[in-house]
Amino acid sequence: MQDVVLDLLCRSPEVLESISKFLRTIPAYQAAQQDFYATAEQVREKVGAELFNRLEDQFLTYTNYEVRAYYAFGLGLREELIRALVL
């Protein structure tokens, strides 16, 4: 059930496409994205692909909890439902 709700709220292709379209209209976002990828590539070259990929995976897993919580609170969902979605 949790996956179904997450699919509706966070993983919907329509939602993802809408977010992507919106972000492409923000020049500061585009600049930040380019800066991030340039720096990430420099770090990957220094620490090696294996360690960088592990860090990236762990960072994305960690921040995904925050993103889902912000999204859910932004929708005004009850805390009990948010806990079920995030945990």
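Relevant structure appears above.
A brief report on the enclosed structure follows. Every value quoted in this text rests on a predicted model; they were computed, and no experiment measured them.

### Points about the pattern of salt bridges
In the structure shown here, the tally under the stated rule is 2 salt bridges. One salt bridge in this structure joins Arg24 and Glu17, with 3.6 Å as the shortest N-O distance. Here Glu17 falls in the partly exposed class, since its relative accessible area comes to 37%. Measuring nitrogen to oxygen at the nearest pair gives 3.6 Å for the salt bridge that ties Glu41 to Arg44. Placement of both Glu41 and Arg44 in helix α3 (residues 27–47) is noted, with a separation of 3 residues, approximately one turn of the helix.

### Thoughts on the packing of aromatic side chains
Under the criterion given, the structure shown has 2 aromatic pairs. Here the aromatic rings of Phe36 and Tyr37 are separated by 5.4 Å at their centres, their planes lie at 65°, and the arrangement is edge-to-face. You can call Tyr37 exposed: its relative accessible area is 51%. With a centroid separation of 6.4 Å and 50° between ring planes, the pair formed by Phe59 and Tyr62 is classed as tilted. Taken together, the positions of Phe59 and Tyr62, both in helix α4 (residues 49–74) and 3 residues apart, correspond to about one turn of that helix. For Phe59, a relative accessible area of 48% translates into the label partly exposed.

### Digging into the packing of α3 against α4
Put simply, α3 and α4 touch, their axes get as near as 7 Å, and they point 130° apart. Between α3 and α4, the angle falls in the class oblique. From α3, Ala40, Val43, Arg44 and Val47 reach across to α4, where they touch Ala49, Leu51, Phe52, Asn53 and Glu56. Of the residues in the contact of α3 with α4, the class split is 6 nonpolar, 1 polar and 2 charged.

Calculation notes
- Residues numbered from 1 in each chain as written.
- Predicted model: local features only at pLDDT ≥ 70, side-chain atom pairs only at ≥ 80, totals over all residues.
- Heavy atoms only, no water.
- Salt bridge = Lys/Arg side-chain N within 4 Å of Asp/Glu carboxyl O.
- Buried < 20%, exposed > 50% of the residue type's maximum accessible area, 1.4 Å probe, protein only.
- Helix = DSSP H or I, 4+ residues; strand = E, 2+ residues; numbered from the N terminus.
- Phe/Tyr/Trp six-rings, centres within 6.5 Å; stacked < 30°, edge-to-face > 60°.
- Axes fitted to C-alpha atoms, helices over the stretch in contact; angles between N-to-C directions.
- Parallel < 35°, antiparallel > 145°, perpendicular 65-115°, else oblique.
- Contact = heavy atoms within 4.5 Å.
- Nonpolar A, V, L, I, M, F, W, Y, C, P; charged D, E, K, R; others polar.

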